[in-house]
Amino acid sequence: YSKNMGNQPSAPPTPDPAVLNDDYVWPENLYVEVRDMASISFLVYTFAYLTDVAREFGLEGMEINDEGRIGMPTRDLPRSFSPGEVIAIIENNLDTLKSRYQTFFEGQAYELLIEKLKILQEKEEKAGISRSLTLEEYDDRHQKHDLVYGMTKDDVQKRITVVFRGTENELAFKSNWLSNAAFLKKEYDLPKVLEENNVVDSLRLHSGFGKYVFDFTFDEDDPVTWRKYDEIVEDVKLLLQNYPDYKVYVTGHSLGGALSTIVGLYLACDPDIPKPVSIINFAAPRVGGRNFLHASRWLERKKWLRVLRVVNDGDSIAAMPMTNYHHIGFQLRLFDGVGKEPKLSYPSAKETYGQYVGRLWDNSVGKTLNLRYDHGAYRERVDKDMLFLIKHDFNKLYDDNELTGFYTEDAEEAEASQERV
């Protein structure tokens, strides 16, 4: 299971002193971070249904302009929505929403949706800061061809979150599944910092996911060479101009998880983005080869990137694709029922062959085969395992040598030679 990597750094990177000395106040435990990202990742699907119905039938409280962009009729910030405003739009247009998406706007699904929105609303009210939680950007105008993403601002945790919508069978079935199935790898831009530090000599990514991120946009007003990634970075930096002391998170579910993995790593390489960038996603498939893994580990050791993938045991989407692909960052595996604690793992530079094989099996299609394509219940399992998660701190996980293997005497030699899943 070893193979000489070549073109690897001669020594582990030195953690960035600016990050080590940063006085940013992180969330108090892992549960808070995972819970918040889970809420954002799944609510982005709901907003897609709202905008679809608004374009087709019109919705009270949500205007669509001639360019297909979303607006609020009573405010100067044309595309900013608070949890309370989203609740009002849903409740004031419930019959119209049911006529188009009955499954999502009645019964248990509807009750859970309103419950999660009200939790966010209560968080905002408790903070005592006006409009402290808002959706600042949402782009789904070309979803038949483009990825769909939104951006949220959280004045309580002082963060900007880029959220990618996952596979959507109702609105973008063909393009989403064609991208999922395009599993051959293609070489994409190598960030300058990885090249200059001799971390890797190339980055090859899942061609379907990479195309979504790095393909040209479909907006007629954009420059002909303008890529979706360029648009996302521009949006992030515009928000950071107003909130320069905020951190950047990237999240998503399923396809959205894959896109968040790619974009998060590239953002961590951008010198203008505050460090570290945090990726917390759900049911994310693999997106890159072993160079992508080594690039991620280098950025994590540099303290420029934090990665946590949350997977439900039995969710086969997170096990795809397998051959010559590698997962990155910490994995938090959640189990059904009570009595079995979540399992944390990391593609460590010091793991034994037996540990490697065990991790390979845990993340294999054979172990997780699920013909029902059911990868729900993430939010429920996160809440179920709250007591486990509040015992952990995301940043301190990187200090756990038993997990990461970062601090063994031979870590750099092992890291330069191992091929990991």
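Residues numbered from 1 in each chain as written. Predicted model: local features only at pLDDT ≥ 70, side-chain atom pairs only at ≥ 80, totals over all residues. Heavy atoms only, no water.

Student: Please set out the overall build of the protein chain residue by residue, giving values where relevant.
Tutor: Scanning the protein chain for helices and strands turns up 18 helices and 12 strands. When each of the 421 residues of the protein chain is scored for burial, the buried share is 59%. Taking all contacts inside the protein chain whose residues are at least 6 apart in sequence as the whole, residues at least 24 apart take part in 72%. Summing over all exposed atoms, the protein chain offers an accessible surface of approximately 18200 Å²; the carbon and sulfur share of this is 51%. (Helix = DSSP H or I, 4+ residues; strand = E, 2+ residues; numbered from the N terminus. Buried < 20%, exposed > 50% of the residue type's maximum accessible area, 1.4 Å probe, protein only. Contact = heavy atoms within 4.5 Å. Areas by Shrake-Rupley, 256 points an atom, 1.4 Å probe, with all protein chains shown as cover.)

Student: Give me a nonpolar patch on the surface: which residues, what numbers.
Tutor: On the surface, a cluster of nonpolar side chains totalling about 270 Å² of accessible area is made up of Met386, Leu387 and Ile390. Looking at the element boundaries, Leu387 is found in helix H15 (residues 386-389). (Patch = residues over 30% accessible without salt bridge, like charges linked within 9 Å, V, L, I, M, F, W, Y side chains within 5 Å. Salt bridge = Lys/Arg side-chain N within 4 Å of Asp/Glu carboxyl O.)

Student: Give me the lowdown on the nonpolar core, citing residues and values where you can.
Tutor: Ranked by internal contacts, the top residues of the largest apolar core, which has 110 residues, are Leu50, Ile90, Phe105 and Leu308. With residues up to four places along the chain from it excluded, the contact list for Ile90 reads Thr46, Leu50, Leu97, Phe105, Tyr110, Leu113, Ile114 and Leu117. (Core = buried A, V, L, I, M, F, W, Y, C linked by side-chain atoms within 4.5 Å.)

Student: Summarise the pairing of strand S11 (residues 330-334); cite the residues concerned and give the values.
Tutor: Across the 5 residues of S11, 5 count as buried, placing the element largely inside the fold. The two faces of S11 match: Phe330, Leu332 and Leu334 on one face and Gln331 and Arg333 on the other face are all buried. Alignment of strand S10 (residues 305-312) against S11, held across 5 bridges, turns out to be parallel. Looking at S11, one finds that Leu308 is bridged to Phe330. With 3 bridges joining them, S11 and strand S12 (residues 343-345) adopt antiparallel strand pairing. Following the sheet pairing, Leu332 is matched in S12 by Leu344. (Pairing = 2+ DSSP bridges.)

Student: So what's going on with the pattern of salt bridges? Residues and values would help.
Tutor: With the rule as written, the count across this model stands at 24 salt bridges. Taking the shortest distance from any N to any O, the salt bridge between Asp36 and Lys123 comes out at 3.0 Å. In this pair, Asp36 is assigned in helix H2 (residues 30-56) and Lys123 in helix H5 (residues 107-127), connecting sequence segments 87 residues apart. Ionic pairing is found between Asp189 and Arg227, a salt bridge with its closest N-O pair at 2.8 Å. Placement of the pair is Asp189 in the loop between strand S6 (185-188) and helix H7 (192-196) and Arg227 in the loop between helix H8 (207-214) and helix H9 (228-242), with a sequence separation of 38 residues. For Asp189, a relative accessible area of 45% gives the class partly exposed. One connected set of salt bridges, linked through shared partners, spans Arg35, Asp36, Lys123, Asp154 and Arg159.

Student: Got a sec to walk through H8? Specific residues and values, please.
Tutor: The buried fraction of H8 is high, at 7 of 8 residues. Along H8, the residues classified as buried are Ser207, Gly208, Phe209, Gly210, Tyr212, Val213 and Phe214.

Student: Can you tell me about H9, naming the residues and giving the values?
Tutor: Here H9 contains 15 residues, and its C-alpha end-to-end distance of 22 Å stays within 8% of the 21 Å for a straight helix at 1.5 Å per residue. Looking at H9, one finds that the buried residues are Lys228, Tyr229, Asp230, Glu231, Ile232, Val233, Asp235, Val236, Leu239 and Leu240. Where H9 is buried, its residues meet strand S3 (133-139), strand S4 (149-154), strand S5 (159-164), H8, strand S8 (247-252) and helix H10 (255-268). (Expected span 1.5 Å × (residues − 1).)

Student: If you had to explain the sheet that holds S5 to someone new, which residues and values would you point to?
Tutor: Pairing in this open sheet of 8 strands is mixed, and the strands run S3-S4-S5-S8-S9-S10-S11-S12 from one edge to the other. The outermost strands of the open sheet, each flanked by one partner alone, are S3 and S12. The average angle at which neighbouring strand axes cross in this sheet is 20°, direction not considered. Here H10 sits on the sheet and contacts S5, S8, strand S9 (277-282) and S10; the angle it forms with S9, its principal contact strand, is near 170°. (Axes fitted to C-alpha atoms, helices over the stretch in contact; angles between N-to-C directions.)

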